[in-house]
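Listed below, chain by chain, are the residues.
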Number of protein chains: 2
Amino acid sequence: MKSKLLLSLLAATLASSAMAQVKPEDAIKFRQSGYGFMAWNMGRIKMNVEGGNFNKEEVIKAANAIQAIANSGMGALYLPGTDKGKGWEETRAKSNIWTDKEKMGKVATDFVREANEMAKVAAGGDAAAVGNQLGKLSGTCKGCHDDFKAKR
Amino acid sequence: MKSKLLLSLLAATLASSAMAQVKPEDAIKFRQSGYGFMAWNMGRIKMNVEGGNFNKEEVIKAANAIQAIANSGMGALYLPGTDKGKGWEETRAKSNIWTDKEKMGKVATDFVREANEMAKVAAGGDAAAVGNQLGKLSGTCKGCHDDFKAKR
């Protein structure tokens, strides 16, 4: 019994060893960086759609960056206790991120799905379709922010 | 002659319209975000290689994020005049970024090449090969920082 417990503790330690080495303030900074970089790319897709000068290659690059960040496993950066603390700035993560797991899982899944779809639509190069998908993707950002990100 | 000049001015304006809408402080914040997010992913590839618990899927996610950011066209965020200014923090970009174009082009090309290779090697799942490629990729980061990023 004792050795079983030790083994299970060891397994848990190994599984989380990579994240255990990230300091809380760095975890907050890294996730703010991910969202910050996605914000640039969302903005430039929007400018391409609305600016009357659609650049397919730029939109593809932007969509690929969003997709790769969305699929990078950022959830691991929500270390216990990082609902408070300063990365680049004070975190605005609300504490229900760590408690309302069902809803959190749903908004995260929605976001990744629409980010993957955005990359596909961008590759197609149709400006109207990109605009339509950008609306869906933005909706998943907002859906999460409304519930899990504190207002300024 | 006059109309040719007007046309060429118009073309230049259109081509840069997307970036013209990004404020200098946001451009600095966005590039700091890109590097910040890559730093996380470089760190976790390193931890996977050195931690004795290589997780192929995590390494692939990390390498894909680095690759997509490297290929996103971040150079556009180096707007004229943004060698000074505050994004998340004061920029450490040195002014020779805007003047030593030949060397800057070389370090950028090196970095993108090794980031693309990192994604390929990660997909292969060989820990030793990943470690070797991480060294090459890190070298291109350092090569740029040495010349173009101010020390703290």
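These figures come from a predicted structure and were not determined experimentally.

Cut-offs applied
Residues numbered from 1 in each chain as written. Chains lettered and ligands numbered in written order. Predicted model: local features only at pLDDT ≥ 70, side-chain atom pairs only at ≥ 80, totals over all residues. Heavy atoms only, no water. Contact = heavy atoms within 4.5 Å. Buried area = accessible area lost by both parts, 1.4 Å probe. Salt bridge = Lys/Arg side-chain N within 4 Å of Asp/Glu carboxyl O. Polar contact = N/O pair within 3.5 Å; in protein donor to acceptor, adjacent residues only side chain to side chain. Helix = DSSP H or I, 4+ residues; strand = E, 2+ residues; numbered from the N terminus. Nonpolar A, V, L, I, M, F, W, Y, C, P; charged D, E, K, R; others polar. Buried < 20%, exposed > 50% of the residue type's maximum accessible area, 1.4 Å probe, protein only. Least-squares fit on C-alpha atoms with pLDDT ≥ 70 in both. Axes fitted to C-alpha atoms, helices over the stretch in contact; angles between N-to-C directions. Parallel < 35°, antiparallel > 145°, perpendicular 65-115°, else oblique. Left-handed = near helix turned anticlockwise from the far one by under 90°.

A. The arrangement of the interface of chain B and chain A in detail. Contacts between the two partners involve 30 residues from chain B, matched on the other side by 30 residues from chain A. For the pair chain B and chain A, the summed buried surface comes to about 2600 Å²; carbon and sulfur atoms form 71% of the total. Of all residues in chain B, B:Phe37, B:Trp40 and B:Trp88 bury the most surface against chain A, accounting for 26% of the area lost on that side. At the boundary of chain B and chain A, one finds zero salt bridges. Between chain B and chain A we count two residue pairs in polar contact (both at pLDDT 80 or more) in total. The dominant element in the side of chain B that touches chain A, judged by the number of residues it contributes, is helix α3 (residues 24-50) of chain B, at 10 residues. In terms of residue class, the side of chain B that touches chain A is built from 16 nonpolar, 10 polar and four charged.

B. Highlighting the pattern of salt bridges. Residue and element names in this part refer to chain B. For the coordinates displayed, the defined rule picks out 17 salt bridges over all chains. The closest approach of N and O atoms between Asp110 and Arg113, which form a salt bridge, is 3.1 Å. Highlighted residues: Asp110 and Arg113, both in helix α5 (residues 101-124), separated by three residues, approximately one helical turn. With relative accessibility at 16%, the residue Asp110 sits in the buried group. Residues Asp146 and Lys142 are paired through a salt bridge, measuring 2.8 Å at the closest nitrogen-oxygen approach.

C. Structural detail: the environment of B:Ala150. Along the chain, B:Ala150 turns up in the segment after α6 (127-148). For the pair B:Ala150 and B:Thr91, spaced 59 residues apart in the sequence, the C-alpha separation amounts to 8.7 Å.

D. Structural view of the side chain of A:Asn48. Residue and element names in this part refer to chain A. As for its position among the elements, Asn48 is in helix α3 (residues 24-50). In this structure Asn48 comes out as buried when scored by relative accessible area, which is 3%. Only 2.9 Å separates the side chain of Asn48 from the backbone oxygen of Arg44, close enough to count as a polar contact. The contact partners of Asn48, leaving out residues within four places of it in the chain, are Asn53, Phe54, Asn55, Glu58 and Val59.

E. Spotlight on the relation of the copies chain B and chain A. It takes a turn of 180 degrees to lay chain B on chain A, together with a shift of 0.0 Å along the axis; the resulting RMSD is 0.0 Å. One copy is carried onto the other by what is essentially a two-fold rotation axis. Judged by C-alpha distance, B:Ser33 is the residue of chain B that lies nearest the rotation axis, at 2.0 Å.

F. The arrangement of the packing of helix α4 (residues 56-70) of chain A against helix α4 (residues 56-70) of chain B in detail. Taken N-terminus to C-terminus, the directions of α4(A) and α4(B) make an angle of 160 degrees; their axes are 8 Å apart at the nearest point. It follows that α4(A) is roughly antiparallel to α4(B) by the angle criterion. Crossing of α4(A) against α4(B): the hand is left-handed. On α4(B), the residues that touch A:Asn64, A:Ala65, A:Ala68 and A:Ile69 of α4(A) are B:Asn64, B:Ala65, B:Ala68 and B:Ile69. A breakdown of the residues in the contact of α4(A) with α4(B) according to their chemical character gives six nonpolar, two polar and no charged.

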